[in-house]
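# Reading the structure
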Amino acid sequence: MVAMCRRYALYVLSLAFPFFAVAAAQQTTLLVDVDHRPQVSLDGPWHFIADPYRDGWGGNPDHASLRGYAQNAHYVPGGPLVQYDFSRSPTLDVPGDWNSQKDSLFYYEGLLWYQRDFTWHSKPHTHLFLHFGAVNYAASIFVNDVHVCDHEGGFTPFDCDISSVVKDGDNFIVAAVDDTRAVDRVPTIKTDWWNYGGITRPVSLVEVPDAYIDDYSLQLRRGTSDQLDGYVHVVGADAGTRVALRIPELHIEQSAVTDTNGRAAFSFTAPGLELWSPEHPRLYKIDLQAGPDRLSDDIGFRTIEVQGDQILLNGKPIFLRGVSFHDEAPTRAGRAWSDQDAQTLLGWAHELDCNFVRMAHYPHTENEYRLADKLGIMVWSEVPVYWNIDWTDPHTLAVAKQQLSEMIRRDHNHAAVVLWSLSNETPESPARDAFLHQLAVEARSEDPTRLITSAIVTHLHGTTAALDDPLGNDLDVLGYNEYLGWYQGSPSDIPNYTWQNPMGKPVIVSEFGAGAKAGLHGPDTQMFTEEYQDRVFRQQFLMLQKIPFLRGMTPWVLMDFRSPMRQLPGIQDDFNRKGLVSDKGEKKKAFFTLQDYYAHMQQ
Ligand code: GCU
């Protein structure tokens, strides 16, 4: 990991620093449950400079003014040559993508520099981390003109230890953010969603003691209803450091000691434990302590497993009544990040009587997972290995593994998460199978308590849907996307299709749907009317309810979302219109049809 980060840091700098040698940045870490730690928020207006010619990475080091934007120089009339000055530059709100904040940046894709000042007073025997909820796509972070860390991947958090560079009093941060799409990135060149660039999730300062808890896990053992197994990992602790774990409501107090790797293992019985489920989303407060460090969390306990072609929650077969959605902000559009965004999006899913959501096509903002824990909505969480990734590039595989590992590490204590998805609609090839096999191995080794899936394109042979993609050999649950009645055939044909399941595994239809502009009405044979979309849903139900091994469905898609691929003026206007709800919050006819279908499924 360190070697990869160092090589990667130099790789980024070599691209942009032709004349400027800098020390490689430190690697980032990821503090689990950071939102339950005391933090100093750095959200708000940050100055920015768009830099399409990448000038900010520095020209001739002898000309200080060209040394690079990280220097945070100021123009002084009559002073030396300075050709940029953050303090005189406009601002962007952080968190938030730049595309939806400034008309001048709506289509901007490239390098953009952020800057803000902050004041700090360090305490002895502490570490200070700079926490980023997410930055799309590649970030290089400087504090007081020192390059502290780099991160690649637009949807997972990272933490930079800035203890050695922060000063007592005034400090400044400069962040170079580059959202240029590239063949070797994850996702790659083409996606059916807007490439929202920027510091898209909250930023904060997090102070921890010299020895601090950076990761923990506590899970219910499969096949039991009260056996809890887990670990607490402490950085900077000597072997033999005592770690306490408490579940006050269950009157449980456990303790264990760290091994030479800083890991304390726990395994104990929890008499009277109430299991988490959609009907009873029971969460328990847990308290962890290692020396002076304390961390608390609210977690649920449940098991998820497969048995033949069934999915079992807490040992009982369950059907996943779901819906897919992008992390798109309702009404204002742009990248979602706030509690309000989470409440609106998951509120609509709850209104549909969903017990499940597919958070497509990348890890969503963490507050959605926390809310799903509370609402009892199970989650399919996915890395953006989307469409035609560069399967043979080692860097691409390393970045995909890193994003998968970061997603699992951030969210493995959310009971709501039941499925890790490795990919979406990747074209079949031996190179793809080999690439995704490695991700499956990585996911299972990081989290053996959850199920692995992917969304796969359904191959149609006449009116037979064959679920025979070899990728399925690596999966516990098969996700299949199909657009019968929209991209394939007419709505009247849909009920004539039959499905074959040669692998005998549980199947989720992870996408089906049709486009409709909210308020556009007409015959149900006219595409983009609400009536057409509604008919496709009704016809889909006639087919889906005949599939004996169907264990879930996540129609595409909860809400209209922005995409550069959706250009039809007056109908799409840069939005994919397959939403059951428009980007302005207008519920379409099909919303109520799905709601009614799920409601009757209960009876
Ligand atoms: C694909 C893809 C989605 C896309 C959808 C569509 O299946 O997975 O990301 O938005 O189809 O065409 O609307």
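Residues numbered from 1 in each chain as written. Predicted model: local features only at pLDDT ≥ 70, side-chain atom pairs only at ≥ 80, totals over all residues. Heavy atoms only, no water.

## Looking at the overall build of the chain
The number of helices and strands found in the chain is seven helices and 36 strands. Taking 25 Å as the expected radius of gyration for a compact globule of 603 residues, we find that the chain reaches 25 Å, a close match to that expectation. Principal-axis analysis of the C-alpha atoms gives the chain an extent of 75 × 60 × 40 Å. A buried classification covers 61% of the 603 residues belonging to the chain. Sequence separation of 24 or more characterises 71% of the internal contacts of the chain that already satisfy a separation of 6 or more. For the chain, the accessible surface area stands at approximately 22,200 Å², while carbon and sulfur atoms represent 53% of it. Across the chain, 50 positive and 78 negative side-chain charges occur, with their mean positions spaced 2 Å apart. (Helix = DSSP H or I, 4+ residues; strand = E, 2+ residues; numbered from the N terminus. Rg over C-alpha atoms; globule rule 2.2 N^0.38 Å. Buried < 20%, exposed > 50% of the residue type's maximum accessible area, 1.4 Å probe, protein only. Contact = heavy atoms within 4.5 Å. Areas by Shrake-Rupley, 256 points an atom, 1.4 Å probe, with all protein chains shown as cover. Lys, Arg positive; Asp, Glu negative; His and termini not counted. Charge placed at Lys NZ, Arg CZ, Asp CG, Glu CD.)

## Describing the sheet that holds strand β3 (residues 91-94)
Within a sheet, neighbouring strands are paired by backbone hydrogen bonds and run either parallel or antiparallel to one another. Reading across from one edge, β3-β2-β4-β10-β7-β8 is the order of the six strands in this open sheet, with antiparallel pairing throughout. If you trace the sheet from one side to the other, it starts and ends with β3 and β8 (146-152), each paired once. Mean inter-strand twist for the sheet, computed between neighbouring axes without regard to direction, equals 30°. (Pairing = 2+ DSSP bridges. Axes fitted to C-alpha atoms, helices over the stretch in contact; angles between N-to-C directions.)

## Focus: the site of the ligand
Among the 14 residues in the neighbourhood of the ligand, the closest are listed as D192, H361, E425, Y487 and E511. With respect to the ligand, the side chain of N424 contributes an N or O atom lying 2.8 Å from an oxygen atom. Here E511 contributes a side-chain N or O atom positioned 2.6 Å from an oxygen atom of the ligand. Protein coverage of the free-state accessible area of the ligand, which is 310 Å², stands at 97%. Taken together, the residues of the shell around the ligand sort by class into five nonpolar, four polar and five charged. (Near = heavy atom within 4 Å. Polar contact = N/O pair within 3.5 Å; in protein donor to acceptor, adjacent residues only side chain to side chain. Nonpolar A, V, L, I, M, F, W, Y, C, P; charged D, E, K, R; others polar.)

## Quick word on the sheet that holds strand β20 (residues 304-307)
Taken together, the three strands give an open sheet; going across it, the order is β20-β21-β22, and neighbouring strands pair in antiparallel fashion. Pairing within the sheet leaves two strands with one partner each, and these edge strands are β20 and β22 (316-317).

## Side note on the state of the cysteines
A full pass over the atoms with the stated rule returns one disulfide. In this model C149 forms its disulfide with C160; the gap between the sulfur atoms is 1.8 Å. Here the disulfide of C149 and C160 is right-handed, its torsion about the S-S bond being about 40°. Placement of the pair is C149 in strand β8 and C160 in strand β9 (residues 158-161), with a sequence separation of eleven residues. (Disulfide = S-S within 2.5 Å.)

## Quick word on the confidence of the model for the chain
Of all residues in the chain, 95% attain a pLDDT of 70 or more, and the chain-wide mean is 94. Within the chain, no element has a lower average pLDDT than helix α1 (residues 2-16), which sits at 41, and none a higher one than strand β26 (residues 378-382), at 99. Taken as a whole, residues 1-23 scores under 50 in pLDDT and shows 31 contacts with residues more than four places along the chain or in a different chain. (pLDDT = per-residue confidence, 0-100.)

## Here we look at the packing of aromatic side chains
The geometry of an aromatic ring pair is captured by the separation of the ring centres together with the interplanar angle, meaning the angle of the planes. Under the criterion given, the structure shown has 29 aromatic pairs. Joined through ring pairs, the aromatic side chains of W57, Y69, Y84, F86, W113 and F142 make up one cluster. Over the ring of Y284 we find R282; its NZ or CZ atom is 4.1 Å from the centre of that ring. (Phe/Tyr/Trp six-rings, centres within 6.5 Å; stacked < 30°, edge-to-face > 60°. Lys NZ or Arg CZ within 6 Å of the ring centre and 35° of its normal.)

## Quick word on the side chain of D33
Mapped onto the secondary structure, D33 falls in the loop between α1 and β1 (39-41). Among the polar contacts listed, one links the side chain of D33 to the side chain of R370, at a separation of 2.9 Å. Discounting residues that sit within four places of it in the chain, D33 has contacts with Y216, L295, S296, D297 and R370.

## Comments concerning helix α7 (residues 589-601)
In a regular helix each residue adds 1.5 Å, so 13 residues correspond to 18 Å; α7 covers 19 Å between its end C-alpha atoms and thus fits that length. Burial in α7 covers these residues: A590, F591, T593, L594, Y597 and Y598. What you see down the axis of α7 is that its buried residues fit within an arc of 165°, all on one side. In the core, the buried residues of α7 are packed alongside β23 (320-321), α2 (339-351), α6 (530-544) and β34 (550-553). (Expected span 1.5 Å × (residues − 1). Arc of directions from axis to C-beta.)

## Section: the pairing of strand β12 (residues 203-209)
In terms of residue burial, β12 counts as a mostly covered element, since seven of its seven residues are buried. Of the two faces of β12, the one lined by V203, L205, E207 and P209 and the one lined by S204, V206 and V208 are each fully buried. Both β1 and β12 contribute to a ladder of three bridges, which runs antiparallel. If you follow V40 over to β12, its bridge partner there is L205. One ladder, built from seven bridges, connects strand β5 (residues 126-132) with β12; its direction is antiparallel.

## So, the domain arrangement of the chain
When the domains of the chain are assigned, the result is domain 1 (3-209), domain 2 (222-301) and domain 3 (305-597). A straight line from the C-alpha centre of domain 2 to that of domain 3 covers 32 Å. Contacts between the two partners involve 13 residues from domain 2 and, on the opposite side, 21 residues from domain 3. With both chains or domains summed, domain 2 and domain 3 bury close to 1,200 Å², and 55% of this area falls on carbon and sulfur atoms. For domain 2, the biggest contributors to the area lost against domain 3 are R222, W276 and P278; these three give 51% of the whole. Taken together, the links from domain 2 to domain 3 amount to one salt bridge. A salt bridge links R370 to D297, with the nearest nitrogen and oxygen atoms 3.2 Å apart. In this assembly, domain 2 and domain 3 are joined by five residue pairs in polar contact (both at pLDDT 80 or more). (Domains from an automatic or database assignment. Buried area = accessible area lost by both parts, 1.4 Å probe. Salt bridge = Lys/Arg side-chain N within 4 Å of Asp/Glu carboxyl O.)

## Here we look at the packing of α6 against α7
It is at 8 Å that the axes of α6 and α7 come closest, and there the two elements cross at 20°. Considering the angle they form, α6 stands roughly parallel to α7. Our pair here, α6 against α7, has a crossing hand that is right-handed. Note on element contacts: α7 touches α6 through K589, A590, T593, L594 and Y597, opposite E530, E531, Q533, D534, F537, R538 and F541. Taken together, the residues of the contact of α6 with α7 sort by class into five nonpolar, two polar and five charged. (Parallel < 35°, antiparallel > 145°, perpendicular 65-115°, else oblique. Left-handed = near helix turned anticlockwise from the far one by under 90°.)

## Things to note about the environment of K589
With respect to the helices and strands, K589 occurs in helix α7. You can call K589 partly exposed: its relative accessible area is 38%. A C-alpha to C-alpha distance of 9.4 Å links K589 and G519, two positions 70 residues apart in sequence. When near neighbours in sequence (up to four residues on either side) are disregarded, K589 contacts E530, E531 and D534.

## Digging into the pattern of salt bridges
Here the structure, examined in full by the defined rule, presents 35 salt bridges. Between R566 and D192 there is a salt bridge whose closest N-O contact spans 2.6 Å. Taken as a pair, R566 in the loop between β35 (561-562) and β36 (575-576) and D192 in the loop between β10 (169-178) and β11 (198-199) lie far apart in primary sequence, 374 residues in all. Take R566: its relative accessible area is 12%, and that puts it in the buried class.

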